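Commentary on secondary and tertiary structure
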Amino acid sequence: MTKVLGIIFRFFSLIYPYSLHLRLIGYKNLFYTLWIKNFIGKVGEYSTICYPCDLQGDGLKNISIGSSTIINRHTILGCWTKYGNQQFPKASIAIGNNCSIGEYSHITACNKITIGNGLLTGRYVLISDNNHGGLSKEESEIIPLKRELKSKGEVIIGNNVWLGDKVAVLSGVHIGNNVIVAANAVVTKDIPDGCIVAGVPGKVIKSLTY
């Protein structure tokens, strides 16, 4: 039975080669981008939002995506101008040109997130300017979903930054230009230009030579 199925699927692969499969996915993402961009403030030329993308929050019109940027599949973009009884009218997300946001990444703002040009991320990357509640005993007794959103400040990521798989960039962090952040790092403090960061919490382990 396995041999018969192998012959059938080998024949099918000749009719439907992988190169054709990729081309059809490209067309699907093109049509999906043309549709979903109507719910976002701005999407630049030649940018692609791959299917599916989860848009969250009431501030979707405050999201802007530059030109030639790819938002890969299963990414979550959340911009929260309202959350429960809280109001965040200036919440915004700005993603620059020539960026590639990896699959299953999550970018969420109730304050402000600014991403420069040329960002490359791996999969499962979190970029967040907020968290649910603080560290008080009183807040810990409230279910997390109903705790107030709190932000330590805006997130700024410079140009030509590379964030590895499962990196988390937390609120109030400024990352300079030409920075590499190793996989699984949690960035809680500002990072200067031209260095490599690793660890939990993230620390500069090497300065790049120019």
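A short tour of the structure in this document, coming up.

Here is what the cut-offs are and how they apply
- Residues numbered from 1 in each chain as written.
- Predicted model: local features only at pLDDT ≥ 70, side-chain atom pairs only at ≥ 80, totals over all residues.
- Heavy atoms only, no water.
- Pairing = 2+ DSSP bridges.
- Helix = DSSP H or I, 4+ residues; strand = E, 2+ residues; numbered from the N terminus.
- Salt bridge = Lys/Arg side-chain N within 4 Å of Asp/Glu carboxyl O.

1. Structural notes on the sheet that holds strand β1 (residues 42-43)
Reading across from one edge, β1-β4-β9-β12-β17-β20 is the order of the six strands in this open sheet, with parallel pairing throughout. In this open sheet, the two strands that pair with only one neighbour each are β1 and β20 (174-175). The pairing of strand β17 (residues 155-157) with β20 spans two bridges and is classified as parallel. Paired with I156 across the two strands is H174, which belongs to β20.

2. Here we look at the pattern of salt bridges
Taken as a whole and assessed by the stated rule, the structure comprises four salt bridges. Measuring nitrogen to oxygen at the nearest pair gives 2.9 Å for the salt bridge that ties E103 to R73. You can see E103 sitting in the loop between β10 (100-101) and β11 (106-109) and its partner R73 sitting in the loop between β5 (70-71) and β6 (75-79), a full 30 residues away along the chain.

3. A word on unusual backbone geometry
The omega angle of the peptide bond from Y51 to P52 is -10°, so this bond is cis rather than trans. Relative to the assigned elements, P52 resides in the loop between β2 (48-49) and β3 (53-56). For the peptide bond that leads from V200 to P201, omega is -5°, which places it in the cis range. If you trace the backbone, P201 turns up in the loop between β23 (195-198) and β24 (203-207). Positive phi outside glycine occurs at Y46, with the angle close to 65°. Checked against the element boundaries, Y46 lands in the loop between β1 and β2.

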